[in-house]
Amino acid sequence: MSEPEMTPSETPAPTPATAAPEPAAVAPAASAPSQPYQAPPRASKLGHMFFIGVFLTLMGVFWRLVEAEEAAGWVTSAWIFAAIVIMLVPIAWHLPDIFRSAASRRGTAFVMVLATIGLGLFVALFVGWADITLKKKGKLPEIDLTSSSRFTLDDESMKLLDKVEGTVYATYLHHATEDEGLRTDAIAQLRVFEAASPHVKFAEVDAVRQPDIAARILKEQGVQGTSSGEDTDLIVLTYAEPGKEVAPGKQKEIKVERWAFTKMSSAGVPKWLGESVVSTGIYELVFQKYKAYATGGHGERSFAADFRDLRDALTRQNIDAVTTPINLATTPKVPDDCELLFILGPTAPFTPEEAEAVTRWLDQGRTLIFTVDMMDDRSPTGLEALLEKYGVGTRTNYEVIAPKVGRDMARGLELVGGMSNQFPVYGDAYGDHPAVRALRSRSGLATYFFRSTYLEVDDKPPADATPEVVCSAPEHEGTGSTPVALRHTKDRTNFSTIMPDRDKVSGKFPLIVTSVRKPKDAAGRDSRIVVSGDTDVFSDRLIGSYPANLDLVRGLVQWGLRREGLVAVSERSLEDPYVTPDEYQKRFALYWPLAVVFLPLIVGGMVWWSRRR
């Protein structure tokens, strides 16, 4: 039996072995994206505790600043410590959360932003410190590109500084000025001097807002009795010789005024004179020392005994006041180094030879300060011919009686206390003279005269002389009180009744007169005289009771030395002194208002903390 034929299509497929079902494809598990640190649903109450700690810490710090460390005591220290603890407790509690937040991308970006801000602040603070500190000390290189080379000293000034062996201290005192540009330029000029020489040391202080600091700095630099009562800033120069401290009273004062530091050129362009002003001051302080002498042998007042305040004032103006009088009778020649000659109330006349010696000395461009006193007869002084050349005359046998005017500062009233031979001079009684403009501008400052005579000023003085009235006997328009001059004679005993036929009852009564006489040689200096009808006005007797009298004589001396720009009045003679707050009051006014500023910032931070999500 044959097997059946099978076609290929019918060939049975072998039965495969049973296999496990193919598993379904499993998708890889997706990784969860990293999430930044999020604030909890509710803000931690410890955050409020942090802000309270910040507030208490700031209050403690400002408390210590106001009360000063030595006055605050342990209470303030304990307050600040407890406040810092309160502020750090929330930070310590949430320290893990802070680390997690800082480790996130957002935290890293925040840290980088803070680092960038911190770096910017550091750069700004460093540049500011370098500009203020290093530039102030002249350690930064500078290039002077100004057209006038204002910030580069000329050769003459550099040679002057090269000759200075000791140390010149230049102190700029802020007082009051409406010309801030002039103040800035003057300070910059002093810094140029400091940068140009190691022998110049500069300091700047606000004498109005920082009187204690100003007093300390001035004391350290040997400054005594500055003429700082003016409404202008002041530069004080002092000098210490090599290896020594500043000699007390050896100083030079320069008023900072526009007319002294600048001038207009013919083209109307302002020219800076600050370098010349400072250089001249240094030269006069270090190398040029004026000398003042007083005559003797004619009954003059003792320069050594009766005029101590005057001599001290001369010393502070860099003038050596020689106490030993010169006797022109034995040696008819004024010393060659004499720049100021005082003749204080002579009672005996000068001989023609002595008068000629004074005249020859004056013709060299010097200055004479001559005072006379009232006498019972018009005795000659022997200097009448000399005074006539200057257009001035004396009337020693007349006694000036003037209104004795007082001031009620509380009500701003003038009170007339009758007529007296001791009377004050102030306000319009001063002329428009450089020596007394500072006194004239302060109506409450008064100088006093005691038994003064009056002076005559020629209506037609010599062509080469220019006399000028410094001050006259005062008048009081409100009561019609006018001064008179009683003539003294040996036979007159009644001075309570005015005698119109003998006394001078009208006109002006000049008390102090100055005069300038042109030099014979065009290259020479003019000669100057100051004549006073009262010697006591310059004496310790009146200066001790009326400080403005010292300001008067100092102004006259500065005028005589051609230093009109240095005339000023002293602090102690200000009629309306400002009230200076003490250190505690200044700290209170500064720090407590500043502390209040932080209060809304802290409250705002607390509100943000409580509402943040």
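Since we're looking at a predicted model, the values are computed, not measured. (Residues numbered from 1 in each chain as written. Predicted model: local features only at pLDDT ≥ 70, side-chain atom pairs only at ≥ 80, totals over all residues. Heavy atoms only, no water.)

Structural notes on the overall build of the chain
Next, step 1: A count of helices and strands for the chain gives 16 helices and 20 strands.
Next, step 2: A total of 613 residues make up the chain; the buried ones form 42% of that total.
Next, step 3: In the chain, the share of contacts with a sequence separation of at least 24, taken over all contacts with a separation of at least 6, comes to 71%.
Next, step 4: Within the structure as shown, the chain displays about 33,900 Å² of accessible surface, and the carbon and sulfur contribution to it stands at 58%. (Helix = DSSP H or I, 4+ residues; strand = E, 2+ residues; numbered from the N terminus. Buried < 20%, exposed > 50% of the residue type's maximum accessible area, 1.4 Å probe, protein only. Contact = heavy atoms within 4.5 Å. Areas by Shrake-Rupley, 256 points an atom, 1.4 Å probe, with all protein chains shown as cover.)

As for the pattern of salt bridges
Next, step 1: Taken as a whole, this structure holds 25 salt bridges when the rule is applied.
Next, step 2: One salt bridge connects aspartate 233 with arginine 183, and the closest N-O pair in it is separated by 2.6 Å. Within this pair, whereas aspartate 233 is found in the loop between helix H7 (211-220) and strand S3 (234-240), its partner arginine 183 is found in helix H6 (residues 180-196), the two being separated by 50 residues in sequence. Judged on exposure class, the residue aspartate 233 and its partner arginine 183 are both buried.
Next, step 3: Arginine 528 is the salt-bridge partner of aspartate 526, the closest N and O atoms lying 3.1 Å from each other.
Next, step 4: Residue arginine 528 is classed as buried on the basis of its relative accessible area, which comes to 9%.
Next, step 5: Each of Arg301, Asp306, Asp536 and Arg541 takes part in a single network of salt bridges with overlapping partners. (Salt bridge = Lys/Arg side-chain N within 4 Å of Asp/Glu carboxyl O.)

Remarks on the packing of aromatic side chains
Next, step 1: Taken as a whole and judged by the stated rule, the model has eight aromatic pairs.
Next, step 2: For the ring pair phenylalanine 50 and phenylalanine 51, a centre distance of 5.5 Å and an interplane angle of 75 degrees mean the geometry is edge-to-face.
Next, step 3: Three or more aromatic residues joined by ring pairs form one cluster here, namely Tyr398, Tyr454 and Phe509.
Next, step 4: A cation sits over an aromatic face here: lysine 504 above phenylalanine 509, 5.3 Å from the ring centre. (Phe/Tyr/Trp six-rings, centres within 6.5 Å; stacked < 30°, edge-to-face > 60°. Lys NZ or Arg CZ within 6 Å of the ring centre and 35° of its normal.)

Points about the sheet that holds strand S17 (residues 465-472)
Next, step 1: Strand order in the open sheet made by the seven strands is S8-S7-S9-S10-S20-S19-S17, with mixed pairing throughout. Where the open sheet ends on each side, the last strands, each with one partner, are strand S8 (319-321) and S17. Neighbour-to-neighbour, the strand axes of this sheet turn through a mean angle of 15 degrees, independent of strand direction.
Next, step 2: Pairing of strand S9 (residues 338-344) with strand S10 (residues 367-371), which is carried by five bridges, proceeds in the parallel orientation. If you follow isoleucine 343 over to S10, its bridge partner there is phenylalanine 370. (Pairing = 2+ DSSP bridges. Axes fitted to C-alpha atoms, helices over the stretch in contact; angles between N-to-C directions.)

Remarks on the environment of serine 77
Next, step 1: Among the secondary structure elements, serine 77 is positioned in helix H2 (residues 69-93).
Next, step 2: Judged by its relative accessible area of 35%, serine 77 is partly exposed.

As for the nonpolar core
Next, step 1: Judged by nonpolar contacts, the single largest core of 49 residues is most densely connected at Phe303, Leu314, Phe342, Phe449, Ile512 and Val557.
Next, step 2: For this core, the element with the highest residue contribution is helix H15 (residues 548-560), accounting for seven residues.
Next, step 3: Residue contacts for isoleucine 512: discarding those within four places in its chain leaves Phe449, Leu455, Val469, Val470, Cys471, Val530, Val531, Ser532, Phe538, Leu552 and Leu556.
Next, step 4: Formed by 28 residues, the second largest nonpolar core is a distinct cluster that contains Leu160, Val168, Phe193 and Val286. (Core = buried A, V, L, I, M, F, W, Y, C linked by side-chain atoms within 4.5 Å.)

A closer look at the environment of leucine 310
Next, step 1: As for its position among the elements, leucine 310 is in helix H10 (residues 308-316).
Next, step 2: Residue leucine 310 is classed as buried on the basis of its relative accessible area, which comes to 1%.
Next, step 3: Sequence-distant contacts of leucine 310, defined by excluding residues within four places in its chain, comprise Phe303, Phe342, Phe538, Asp540, Leu550 and Val553.

Some details on the sheet that holds strand S4 (residues 251-255)
Next, step 1: With mixed pairing, the four strands of this open sheet are ordered in space as S2-S1-S3-S4. A strand with exactly one partner marks an edge of an open sheet, and here the two such strands are strand S2 (200-206) and S4. Put simply, the sheet's adjacent strands are angled 20 degrees from each other on average, direction ignored.
Next, step 2: For S3 and S4, the ladder comprises five bridges, and the chain directions are antiparallel. Looking across to S4, one finds that threonine 238 is bridged to glutamine 251.
Next, step 3: Relative to S2, H6 is tilted by about 150 degrees, and along the sheet it contacts strand S1 (167-174), S2 and S3.

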